[in-house]
Amino acid sequence: MWISLLAALTLATQAPAAAPPPPLSVLVAPPDAAGAPSHVVEFAQEHVAEQLRARGLVVVRIEDITRKLTATKRRPLLRCNRTQAACIRSLGAAGKTELVLVTELGQLLSGYRTGARIYTSADGALVTEHLIPGVSEEQLLDSLTQSLAAVLPVAQTALRGPPPAAPTPVVEAPPPPPAAVVEAKPLTPEPVPERIRPLRRWSWLPAAGGVALAGAGALLYKQAGDKYGQLDTGGTPDAPLHDADGLASSGRRAQTLSRVAFGLGAAGLVAGAVMFLLPGEETAVVQPAVTLVPGGGMVGLSGALP
């Protein structure tokens, strides 16, 4: 009996511990990058791949797969709609990964719309997404890092379950509180007034008008040159000139109008630049003040009124 019990305990101590789950594998799919320059897309994709590897994921880039495929197989894989489940399943099957990550890099008037969407390769279902609008090009990589930090824990929980709970620490009796020390609060810095630039938002109107007038001036100048060429050649035997004076008058009129259009276009561009660069006015900063005096008090305002 004791021998059997001893053998069972020996086998129990020699049993291997449960192996940790393998790391998640993810395919970095072609991004949704409408309007973004190619060099920005390339840097962003490389940054995303490095961030995923730093977080312990097995990363497969779409470039590693497509360079081994023929053109007929590569084209539908790169051009499929990455919001449809069938496209996500085909990308996941090509990369042999559990997840497919699609980076958002759309360029809008207010800046880039960045973010990340994660799908499961098995059924093409969206696991989670995190999008940030109005991102400048200098903040592009930081915003992508922020989106990855938001979506990866959700994907890890969806495929591997929640992380194991940390052991409950032993709670010891707290030490006696120290003597209370009253510290002086630092002075709050005065707010810096912001400048209001009311004309900057409308500076594009004269600039756009200047561009349009410059284009019209170029067209009129070309028409004047064509008429001068007809007068210079004197026509052809098949098409002689019948009204040389009228043609010359029309050419001079087109030349004059082109000069006027060029002048007005330049004025519009200068006006738009002045409206954009014109310094603004400081906003009014008014602060209330309360003063106690013997027998009463006073309430007042300090600052500059608009």
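Here, every reference points to the structure presented above.
All figures in this text were calculated on a predicted structure; none of them were measured in a lab.

Procedures and definitions
- Residues numbered from 1 in each chain as written.
- Predicted model: local features only at pLDDT ≥ 70, side-chain atom pairs only at ≥ 80, totals over all residues.
- Heavy atoms only, no water.
- Disulfide = S-S within 2.5 Å.
- Pairing = 2+ DSSP bridges.
- Helix = DSSP H or I, 4+ residues; strand = E, 2+ residues; numbered from the N terminus.
- Axes fitted to C-alpha atoms, helices over the stretch in contact; angles between N-to-C directions.
- Expected span 1.5 Å × (residues − 1).
- Buried < 20%, exposed > 50% of the residue type's maximum accessible area, 1.4 Å probe, protein only.
- Contact = heavy atoms within 4.5 Å.

*Asks:* What's the story with the state of the cysteines in this structure? I'm lost.
*Replies:* A disulfide bridge is the covalent bond that connects two cysteines by way of their sulfur atoms. The final tally for this structure, using the stated rule, is one disulfide. What pairs with cysteine 80 in a disulfide is cysteine 87, and their sulfur atoms sit 1.8 Å apart. Across the S-S bond of cysteine 80 and cysteine 87 the torsion is about 40°, and the bridge reads as right-handed.

*Asks:* What's the story with the sheet that holds strand β2 (residues 58–61) in this structure? I'm lost.
*Replies:* The strands making up a sheet are joined through hydrogen bonds of the backbone, oriented either antiparallel or parallel. Spatially, five strands are ordered β2-β1-β3-β4-β5 in an open sheet, and the strand pairing comes out mixed. The open sheet is flanked by β2 and β5 (126–135), the only strands paired with a single partner. Adjacent strand axes in the sheet meet at a mean angle of 20° when their direction is disregarded. Alignment of strand β3 (residues 99–108) against strand β4 (residues 111–120), held across ten bridges, turns out to be antiparallel. Directly across from leucine 105, in β4, lies its bridge partner threonine 114.

*Asks:* Quick question: what am I supposed to make of helix α2 (residues 38–54) here?
*Replies:* One full turn of an α-helix is made of 3.6 residues, so residues set three or four places apart face in the same direction. Along its 17 residues, α2 runs 25 Å from first to last C-alpha, staying within 8% of the 24 Å computed at 1.5 Å per residue. By the burial criterion, the buried members of α2 are Val40, Val41, Ala44, Gln45, His47, Val48, Ala49, Gln51 and Leu52. Residues of α2 that are buried sit in contact with β1 (25–28), β2, β3, β4 and α6 (140–160). Downstream of α2 by a residue or two, glycine 56 has a phi angle that is positive, lying close to 85°.

*Asks:* It is not clear to me how the environment of alanine 149 should be interpreted in this structure. Could you clarify?
*Replies:* Within the secondary structure layout, alanine 149 lies in helix α6. Exposure remark for alanine 149: the relative accessible area of 41% places this residue in the partly exposed category.

*Asks:* What is the right way to look at unusual backbone geometry in this model?
*Replies:* Trans peptide bonds make up the majority, and among non-glycine residues the majority have a negative phi. The residue lysine 96 is not glycine, and still its phi comes out positive at about 55°. Within the secondary structure layout, lysine 96 lies in the loop between α5 (85–95) and β3. On the basis of relative accessibility, which here comes to 74%, the residue lysine 96 falls in the exposed class.

The values reported here are purely geometric and, on their own, carry no functional implication.
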